[in-house]
Structure formats: structure tokens, C-alpha cells
Amino acid sequence: MLLATWNVNGIRARSQLLAEWLADRKPDVVCLQELKITSENFPHLELRAAGYHAVVAGQPGFNGVAILARETPSLVMRELPGAPSAGARFLVANVAGLEIATVYVPNGKTVMHADYTMKLQWLESLAAFGASRARDSAPLVVGGDFNVCAADLDSYGGSRFQGQIFHTDQERALITRMTASGLIDLYRQKYPDAPGYSWWDYRAGAFHKNCGMRLDLLLATAPVAARVKDVYVDREYRKKSKTGAVPSDHAPVIAELD
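Residues numbered from 1 in each chain as written. Predicted model: local features only at pLDDT ≥ 70, side-chain atom pairs only at ≥ 80, totals over all residues. Heavy atoms only, no water.

Caption draft 1: Spotlight on the overall build of the chain. The helix and strand tally for the chain stands at seven helices and 14 strands. Put simply, the chain has 258 residues, and 56% of those count as buried. When contacts within the chain are restricted to residue pairs at least 6 apart in sequence, long-range pairs at least 24 apart make up 68% of them. For the chain, the exposed area adds up to about 10800 Å²; of that, 53% sits on carbon and sulfur atoms. (Helix = DSSP H or I, 4+ residues; strand = E, 2+ residues; numbered from the N terminus. Buried < 20%, exposed > 50% of the residue type's maximum accessible area, 1.4 Å probe, protein only. Contact = heavy atoms within 4.5 Å. Areas by Shrake-Rupley, 256 points an atom, 1.4 Å probe, with all protein chains shown as cover.)

Caption draft 2: Fine view of the sheet that holds strand β14 (residues 253-257). With respect to topology, six strands assemble into an open sheet ordered β3-β4-β2-β1-β14-β13, the strand pairing being mixed. Looking along the sheet, the strands with just one partner apiece sit at the ends: β3 (53-57) and β13 (228-233). Shown here is a sheet whose adjacent strand axes are inclined to one another by a mean of 10°, direction ignored. Bridging between strand β2 (residues 29-33) and strand β4 (residues 65-69) involves five bridges; their strand directions are antiparallel. Residue pairing across strands places glutamine 33 opposite valine 65, the latter belonging to β4. Of the strands in this sheet, β1 (2-7), β2, β4 and β14 are in contact with helix α1 (residues 15-25), which crosses β1 at around 165°. (Pairing = 2+ DSSP bridges. Axes fitted to C-alpha atoms, helices over the stretch in contact; angles between N-to-C directions.)

Caption draft 3: Representation of the packing of aromatic side chains in the model. Counted according to the given criterion, the structure contains five aromatic pairs. Here the aromatic rings of tryptophan 200 and phenylalanine 207 are separated by 4.9 Å at their centres, their planes lie at 90°, and the arrangement is edge-to-face. Phenylalanine 207 matches tryptophan 200 in its accessibility class, with the two residues each being buried. Lying across the ring of tyrosine 104, arginine 89 places its NZ or CZ 4.7 Å from the centre. (Phe/Tyr/Trp six-rings, centres within 6.5 Å; stacked < 30°, edge-to-face > 60°. Lys NZ or Arg CZ within 6 Å of the ring centre and 35° of its normal.)

Caption draft 4: Looking closely at the environment of aspartate 201. Summarising the element assignment, aspartate 201 is placed in the loop between β10 (199-200) and α6 (206-209). Through-space distance from the C-alpha of aspartate 201 to that of aspartate 249 is 6.2 Å; in sequence the pair is 48 residues apart.

Caption draft 5: Just the side chain of threonine 102, in detail. When you line up the elements, threonine 102 lands in strand β7 (residues 98-104). Taking the relative accessible area as the measure of exposure, threonine 102 reaches 0% and is therefore buried. At 3.1 Å, the side chain of threonine 102 forms a polar contact with the side chain of glutamine 33. In this view, threonine 102 contacts Cys31, Leu32, Gln33, Val65, Ala66, Ile67, Arg89, Phe90, Leu91 and Gly143; residues no more than four positions away in its chain are not counted. (Polar contact = N/O pair within 3.5 Å; in protein donor to acceptor, adjacent residues only side chain to side chain.)

Caption draft 6: Inspection of the environment of alanine 128 at higher detail. Here alanine 128 shows up in helix α3 (residues 114-135). When the C-alpha atoms of alanine 128 and proline 252 are compared, they prove to be 26 Å apart, with 124 residues separating the residues in sequence.

Caption draft 7: Seen up close, the pattern of salt bridges. Under the counting rule described, the total for this entry stands at 14 salt bridges. Lysine 239 serves as the salt-bridge partner of glutamate 236, at 2.8 Å between the closest nitrogen and oxygen. Residues joined in a network through salt bridges with shared partners are Asp154, Asp185, Arg188 and Arg214. (Salt bridge = Lys/Arg side-chain N within 4 Å of Asp/Glu carboxyl O.)

Caption draft 8: Geometry of the pairing of β3. A large share of β3 lies buried, amounting to five of its five residues. Burial along β3 is two-sided: the face carrying His53, Val55 and Ala57 and the face carrying Ala54 and Val56 are both buried. One ladder, built from five bridges, connects β3 with β4; its direction is antiparallel. Looking across to β4, one finds that valine 55 is bridged to isoleucine 67.

Caption draft 9: Looking closely at the environment of valine 103. Residue position: valine 103 is located in strand β7. With relative accessibility at 0%, the residue valine 103 sits in the buried group. Sequence spacing of valine 103 and glycine 144 is 41 residues, and the spatial spacing of their C-alpha atoms is 4.8 Å. When near neighbours in sequence (up to four residues on either side) are disregarded, valine 103 contacts Gln33, Val65, Arg89, Phe90, Trp122, Leu126, Val142, Gly143, Gly144, Asp145 and Phe146.

Caption draft 10: Spatial organisation of the sheet that holds strand β5 (residues 74-77). Across the sheet, which stays open at both edges, the six strands sit in the order β5-β6-β7-β8-β12-β9 with mixed pairing between neighbours. Bordering the open sheet on either side are β5 and β9 (184-185), each of which pairs with just one other strand. In the packing of α3 onto the sheet, contacts are made with β5, β6 (90-95), β7 and β8 (140-145), and the angle to β7 comes to roughly 170°.

Spelled out as C-alpha cells, the structure:
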């Protein structure tokens, strides 16, 4: 079973690349973020032709998340309990015997911006949600763009960026709370010492210089983590495709499960 997460940075702009990726990699379940489209305009028909069903939480021009699956997903919730209003950023569905949550954590902008406080509150609510599911030993996966570098290893800036947005002790503590509560970072479990960057700025040749950050995570409870054979960043799909499709600034992250 292949389970993936991908911030597509606009599903209209990435429609050709997404179609190529689905046909090439053939994932079973995909968490998508930053759709930038309403639920009504989501390309259900095109995805059904490609063999995928979808549940969606959309928003005009901003945010938006979806879960794609070969089996029909059953919607559980579209709002994160206790989280401040921050747009369409959270969606949970049951599919293939798993509870799948796709999340797009607020960026926060800067540590001095009001959105930073909102980001911390949102992460608090996400940590509480994950802890409640972990206590129940639910087969849960939380996949998405967390907009946090959980440790210095996760950022090309390393300790030099300490205290900047994505790198603050407060943000990192909330990711640690999730992993301490029973949500396992699948990539870090497999590769404790590899950077595993999943995002690179479009500017200044960041991708080719590998000046990236690991912002996209697959977290899971122990019953799922025990099934993991491998986890990897699909760097090929951060590049322009052979047909000229322009990439997102994020690469997909894929977990292979027994």
C-alpha cells in the first residue's frame, strides 16, 4: 500500500503534474494540501477517470485540503475540534481500514505577526486530536504540510535559523508533543539522520543547491508505523516534468506499507 502527502500549491496549476504523478506512482491514498479551489470546482470527474475518489474541504483562492483514494473514502470531519478559524485546513476520512487526516498548518508569517499565535493555537488543537486517537490505538495517519522544521536537521539553515518562523521552540515543542503522545514520524523512524527535505523555495536555485526544509510529514499511530517498509521524498516530482508541467515548491512524501 502506498500512502502519500503532497502540498500541490494550487490544484489547477498542478493538474497535469498531478495526473502524471498518479499514473506513474499509483498511490492508494493521497493527502493533498493548498488546493486553492472551492469544493464545488474540485476536479472530481478527472480524478475519477484516473481511478480516484475524493473528499474535499475547499476554499476560494486559498488553503483547501483533500483526500484521494482508490477506495471510496468515508468523510469523518472537516473541522479541527477546538482550533481557531483559519480556513479549510483539516479533513478526516476513513479509507482502506485507516483513519486519514490531511492537514495544512497555518504558516504563521513571522514570529511577530498575529498569525503566529493563531498557528500555535491551531497546532495545540492538532496535538490534542492526535493524542486522543493515539490513546484509542486507532490506526491513524496524519499527513500534511506542518510548516514547522521539527529539529535543526530538518532545515538547511540548521541552528542559524533558531527562533525564526518554522524554527521556534514553541512550534517545535508542539510537534514533539504529538510524537510523545503516540504519533510516530514515519520518515524519522526510518531515517533518523537524513535531512529529508520536502520543500524548496522557487528562488535562487534553492532546489538545485538543496537549500530545503522538511515541512511535509506523515505521522501515524503504532499500528500503522509497524507496517512501514519505506518512506521517501519523491524529488522527481519537484522538477518540471518531461511534458513541461510546472512543479509545486513541495515534493510528495510517500510511505510504503505492508
